[in-house]
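# Residue-level structural notes
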Amino acid sequence: MQNVFELTHPLAAHHLSILRDVSTTPAQFRTQIHLLAMLLAVRATDDLGLEPSQVQTPLTQMTGNRLAQRIGIVPILRAGLGLVEPVLQLIPDAAVWHLGMYRDEATAQPVEYYCKLPAGNAVDVGLVLDPMLATGGSIRAAVLALKRWGVQDIRVLSVLAAKQGVEQFHQDFPEVKVFVAGIDPELNAHKFIVPGLGDAGDRMFNSQRD
Ligand code: PRP
């Protein structure tokens, strides 16, 4: 999978294991998501274009750099919200475009409930944020929305993917780079990632239903 990149940094493996742990509290879960999102964002943006910019230091003038491309952060609600703040810390001038999507429990198909992307003037680079890529249906729908908008360079940042889902996504969109902290071997009968980390949205927002 040429455009699928799994983080190899030991900190990613360390923090992903804490995230998976059933005894990790919602507060700690949010912290782990934050840290992993930063690691993903650094890796996913290491080839962004720069342009020269003049800087006055306390000592002299010099030619520095600033980002040359317009960057859009596209979190998939709800769980993608947990990745927004860390990515914005690294790219404070990015635009944030929320996409509302939930997975129908019976069919596992994504249902879109919020999308306010404008008609034109697309960003140059779109970073799709969602902690989970299970079947890949939600991220697929987000990528299609960004393509309709006209985004040329789309990158997916997802904490954990299922092998089957990421393989299918890569087959459908070989040009889209996917950055993950881990790839798990299985989807269970309910299309949950196994071993996985449970329902990221519910754990992040402490909203498990009995
Ligand atoms: C989860 C997750 C992804 C999606 C992954 O969201 O956050 O968006 O499912 O599954 P897929 O790859 O098979 O599409 P969920 O539907 O639980 O919504 P939530 O974020 O509001 O909890």
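Scope of this entry: the structure provided in the associated data block. None of these values were measured; they are calculated from a predicted model.

With 13 residues, helix α4 (residues 137-149) should cover 18 Å at 1.5 Å per step; its first-to-last C-alpha distance of 19 Å lies within 8% of that length. Within the sequence span of α4, burial applies to G137, S138, I139, A141, A142, V143, A145, L146 and W149. G150 sits one or two positions beyond α4 and adopts a positive phi of about 110°.

Attention now goes to helix α2 (residues 26-44). Taking 1.5 Å of rise per residue, the 19 residues of α2 would be expected to cover 27 Å, and the 26 Å separating its terminal C-alpha atoms lies within 8% of that figure. Three or more residues of α2 are buried, namely F29, Q32, I33, L36, A37, L40, A41 and A44. End-on, the buried residues of α2 take up no more than an arc of 165°, which puts them together on one face. Looking at the buried side of α2, the elements it contacts are α1 (10-20), α3 (84-90), β10 (153-162), β11 (177-184) and α6 (200-205).

What follows covers the nonpolar core. Counting 36 residues, the largest nonpolar core has L19, L127, L129 and V159 as its most contacted members. Elements that contribute at least two residues to this core include exactly α1, α2, β4 (71-77), α3, β8 (125-129), β10, β11 and α6. Residue contributions to this core peak at seven residues, all from α2. Not counting residues up to four positions away in its chain, the partners in contact with L129 are I73, V74, P75, I76, G80, L83, V84, V87 and L157.

Another aspect to go through is the environment of W97. With respect to the helices and strands, W97 occurs in the loop between β5 (95-96) and β6 (99-103). Remark: the alpha-carbon pair of W97 and I76, spanning 21 residues in sequence, is separated by 9.1 Å. The contacts of W97, once residues within four sequence positions are left out, are I73, V74, P75, K116, L117, P118, V123 and W149.

Another point: the pairing of β11. With six of eight residues buried, β11 lies mostly within the body of the structure. In this sheet, β11 lies alongside strand β1 (residues 4-6) in parallel orientation, the contact comprising three bridges. Paired with E6 across the strands is V180, a residue of β11. Looking at chain direction, β10 and β11 are connected through seven bridges and run parallel. By the bridge assignment, A162 is partnered in β11 with D184. Since β10 and β11 lie parallel, the crossover through helix α5 (residues 163-172) that links them has a hand, and here it is right-handed.

What counts and what doesn't
- Position numbers for residues start from 1 in each chain and track the written sequence from start to end.
- It should be noted that, the model being predicted, local features are given only for residues of pLDDT at least 70 and side-chain atom pairs only at 80 or more, the latter also being counted only at that level, while totals for whole chains, interfaces and linings use all residues.
- The basis for every side-chain value is the complete set of heavy atoms in the structure, and neither hydrogens nor water enter the calculation.
- Counting from the N terminus, the helices are the DSSP runs of H or I reaching at least four residues and the strands are the DSSP runs of E reaching at least two.
- One fewer than the residue count of a helix, multiplied by 1.5 Å, yields its expected span.
- In this scheme, a residue with accessible area under 20% of its type's maximum is buried, one over 50% is exposed, and one in between is partly exposed, where area comes from a 1.4 Å probe on protein chains only.
- This arc describes the spread of directions from the helix axis toward the C-beta atoms.
- Note on definitions: a residue-residue contact is assigned when non-hydrogen atoms from the two residues lie within 4.5 Å.
- To qualify as a nonpolar core, a set must consist of buried Ala, Val, Leu, Ile, Met, Phe, Trp, Tyr and Cys residues joined through side-chain atoms within 4.5 Å.
- Strand pairing follows a simple DSSP-based rule, namely that at least 2 bridges must link the two strands.
- We call a crossover right-handed when, viewed with the strands running away from us, the connection from the first strand over the helix to the second turns clockwise.

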